[in-house]
Amino acid sequence: MESGLSRDTQLDARMRGKRILFIGVNDDSKDFILDMIVRLGFEVYAVGTRPQYQMVNKVQKYVEYDSNDKSKEAHHSEVIVKRVNEEIGDVDGCICLWDPEIPLAALVTARLGKPGISYTGALAAMSKAQTMEALTSSDLGNGRRNSNNVGVVKYASRCFTIESAADVKKCVEKIGLPAILKTEFGAGGMGVKLVHSLQEAVDHFNHIQVLHDEHKDRSYILGATYKRSCVLMEYVEGSEHCVDLALFHGEVVCAFVCDKGPQIPPDVFRTVITMPSLLPKDKLKSVITAAIDCCKALGFDHGVFDVEIMLTKSGPKLIEINPRVGGFCLRDFILQCYNVDLVHLACLIACDINPHVSVPEGGEKSAGVPSQLPFRHAEIVISESDVKPGPSCSMVGMYIYAWRHRKALKTTATPEILERLHDNGDLFFIRHEFQMREYDHEIPFCTVAVKAESFGKARDKMIDICQRIGLETDDVSLEELLDYFMCGHLV
């Protein structure tokens, strides 16, 4: 979906004439990204499963190709590269923001001789179980040793794959309860649940299988494009944070940290979010370092990555790594707070251009971290000049769900009303879905957000406007959710 914060994109002179291949244009949810990249000055070419007629006038050239059979990705990449060479010619870089196509994009990128992530790393990131294995295993197969995972075992949690209902009991015996049960290859938080008993775990596994059958249009979010397996993961308590970072041939370009609010069990769905992080400097340092270390353990050293971290009393624990720009409102929050567009950065890095990033002046709270980090960074920005204080504002947002905010979305806070409030500057309406699906308990319809010069003022502004338009729920108040950030809950 097009966000409310990133509609204006200025031409980047470095991009003029650069030819970028956008891989995985499989539906229209990424069309606004295509438009934005064109406005940056790129010549945009694309590969996807959509019919040719839908892509007319959207890109310079479109290669329609059915890559849905994931057991033949090596073959798919050969065919795609052959067609790209014949129909498009040389490109300067490749980019993919569509989760199920990231491994294929890695193969295509490598065959075209462009910088990017490895196919092995992409597959490991897709699988929650393989991600944890990458942190704990020194054996990469074929006699190769993983020298990148030294010191990262501490970030791993126990995790086992569930192929059938019969596997659930074995996994529960290994991990114990409570535990997190979720799809192995899913995205967007679909199917994540905290289970407290063996029966609850079996029931939820079976429920996920039903979701696969009933919502085939959402199969990519459930991970069914690869496998219908699930994982049972050790439950760790703490505060949740997202680190969105950019690496250029192993060097940290920038990283930005947000804090996520409390989850409401048993369905572990998102509630509220704030940026910049309110963590103390030492905790902020540990979260950023963990994110970078985990990326490198999977062999990721070039690109933009979204890393979810749980900060526990014993230190950071990895939840998952997405080898792409962060989803939902993250890109927009970073753009508003720091005037840095991660999609822009991803395009530059894909074309092997080292970005120059600086943080705007202003902001009540400097997010600087100690100089002991192996890079000069605030939250975090490396540039050729001295790091400037930042960020320029504080953002606070609430995730809005069709099922949870049903009444308001149909009366006092319809999409039309939210759009009008956005246009008037009263709030930011960041839409994630075209349709309001009440069966999507984990996927928010949109994020409603505000900005101010401090978290406290943004909090008060958010509570005031949500009360005025009826975006409150019966289970827990917005005030209580936001006070989570102020009451010592951040570990």
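Under an unreviewed UniProt entry, the chain has the name ATP-grasp domain-containing protein and belongs to Batillaria attramentaria.

Concerning the overall build of the chain
A count of helical and extended segments in the chain gives 15 helices and 18 strands. Taken over 491 residues, the chain has a buried fraction of 60%. A sequence separation of at least 24 residues applies to 68% of the contacts in the chain between residues at least 6 apart. Total accessible area on the chain stands at roughly 19600 Å², and carbon and sulfur atoms take up 48% of it.

Some details on the packing of aromatic side chains
This model, assessed by the stated rule, comprises eight aromatic pairs. Geometrically, the ring pair formed by F185 and Y226 is stacked, given 5.6 Å between the ring centres and 15° between the ring planes. With F185 in the loop between β8 (179–183) and β9 (193–195) and Y226 in the loop between α8 (219–222) and β10 (230–234), this pair connects stretches of sequence that are 41 residues apart. Overall, the relative accessible area of 8% leaves F185 in the buried class. Centre to centre, the rings of F256 and Y338 are 4.7 Å apart; their planes meet at 45°, and the pair counts as tilted. Here F256, found in strand β12 (residues 251–260), pairs with Y338, found in helix α10 (residues 330–338); they are 82 residues apart in sequence, far enough to count as distant. Both residues of the pair, F256 and Y338, count as buried.

Notes on helix α2 (residues 73–87)
In a regular helix each residue adds 1.5 Å, so 15 residues correspond to 21 Å; α2 covers 20 Å between its end C-alpha atoms and thus fits that length. Every buried residue of α2 is listed here: E73, H76, S77, I80, V81 and V84. On an axial view of α2, the arc spanned by its buried residues comes to 125°, and they lie on one face. In this structure, α2 carries K82 and E86 as exposed residues pointing more than 90 degrees from its buried face. The inward-facing, buried residues of α2 contact β1 (19–23), β2 (43–48), α3 (102–111) and α4 (119–126).

Side note on the pattern of salt bridges
Under the defined criterion, the tally for this structure stands at 22 salt bridges. The partner of D213 in a salt bridge is R228, and the shortest N-O contact between them spans 3.1 Å. Residue D213 is located in helix α7 (residues 198–214), and its partner R228 is located in the loop between α8 and β10; the two are separated by 15 residues in the primary sequence. On the basis of relative accessibility, which here comes to 34%, the residue R228 falls in the partly exposed class. Here D483 ties to R459 by a salt bridge, and the two come within 2.8 Å at their closest N and O atoms. With a gap of 24 residues between them, D483 in helix α15 (residues 478–483) and R459 in helix α14 (residues 455–468) connect regions that are remote in the sequence. Connected through shared salt-bridge partners, R459, D460, E479 and D483 make up one network.

What counts, and at which threshold
- Residues numbered from 1 in each chain as written.
- Predicted model: local features only at pLDDT ≥ 70, side-chain atom pairs only at ≥ 80, totals over all residues.
- Heavy atoms only, no water.
- Helix = DSSP H or I, 4+ residues; strand = E, 2+ residues; numbered from the N terminus.
- Buried < 20%, exposed > 50% of the residue type's maximum accessible area, 1.4 Å probe, protein only.
- Contact = heavy atoms within 4.5 Å.
- Areas by Shrake-Rupley, 256 points an atom, 1.4 Å probe, with all protein chains shown as cover.
- Phe/Tyr/Trp six-rings, centres within 6.5 Å; stacked < 30°, edge-to-face > 60°.
- Expected span 1.5 Å × (residues − 1).
- Arc of directions from axis to C-beta.
- Salt bridge = Lys/Arg side-chain N within 4 Å of Asp/Glu carboxyl O.

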